[in-house]
Amino acid sequence: PDEEDDSEGDLCGQTSESGRYILQSIEIRGNRRTRDSVILREISLEPGQILDVDDIAIELSRYRLLASGFFSEVNMRLRRGARRGQVILVVEVEERWTFIVREIFLGVSEITPYGGLSFEETNLLGLGINLSGAFVAGEEQQAHRFAFTYPRLGNTPVALSFSFLYN
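The structure presented is a predicted model; accordingly, all values stated were derived computationally and were not measured. (Residues numbered from 1 in each chain as written. Predicted model: local features only at pLDDT ≥ 70, side-chain atom pairs only at ≥ 80, totals over all residues. Heavy atoms only, no water.)

Time to look at the pattern of salt bridges. When charged atoms on two side chains of opposite charge get close, those side chains can pair. Going through the model one piece at a time under the given rule, you end up with 10 salt bridges. Residue Glu42 pairs with Arg64 through a salt bridge whose shortest N-O separation is 3.3 Å. With Glu42 in the loop between helix 1 (36-40) and strand 2 (50-52) and Arg64 in helix 2 (residues 56-67), the pair connects residues that are 22 residues apart, well separated along the chain. Here the salt bridges share partners, and the residues they tie into one network are Glu27, Arg29, Arg77, Arg79 and Glu92. (Salt bridge = Lys/Arg side-chain N within 4 Å of Asp/Glu carboxyl O. Helix = DSSP H or I, 4+ residues; strand = E, 2+ residues; numbered from the N terminus.)

A few words now on the sheet that holds strand 7 (residues 129-138). Reading across from one edge, 5-6-7-8-9 is the order of the five strands in this open sheet, with antiparallel pairing throughout. The open sheet has two edge strands with one neighbour each: strand 5 (99-109) and strand 9 (160-166). The mean inter-strand angle of the sheet, taken between neighbouring strand axes irrespective of direction, is 5°. Sheet analysis places strand 7 next to strand 8 (residues 142-150), joined by eight bridges and oriented antiparallel. Its bridge partner being in strand 8, Asn130 is matched across the sheet by Thr149. (Pairing = 2+ DSSP bridges. Axes fitted to C-alpha atoms, helices over the stretch in contact; angles between N-to-C directions.)

See below:
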């Protein structure tokens, strides 16, 4: 009978000596806010694909997840799959706070004080969407800036970005 083996032990002996396996699935752990689909779009491996344990794609995927800015730590490991010759890629992430206060503006212009704030949410609703805004206000003037960026449309390298500026 096929029992799930959660051990991280030696994968040798499951398949040929070349270290090649079939990727059964990708398991994501540790994400509370970020959706699985956002993590999976940064991993350049797919279930059913032949995987060499020395494949650089595993490490590149790890670096892509770290570069997203959503995680302070990303670890990847292989676990035995349900059948001989299959493995499960386990992706463990530690999320970081993604709301950032970028700048605080305070000043005086010809005796008129002004102030403002610039902020950014880099992982809105766990979807990987970037939303930023800023405002500066004084006695007779004000300015507002809002920006929205969707970093990847589907599996394409195309991003969608809008910004609005009011003075």
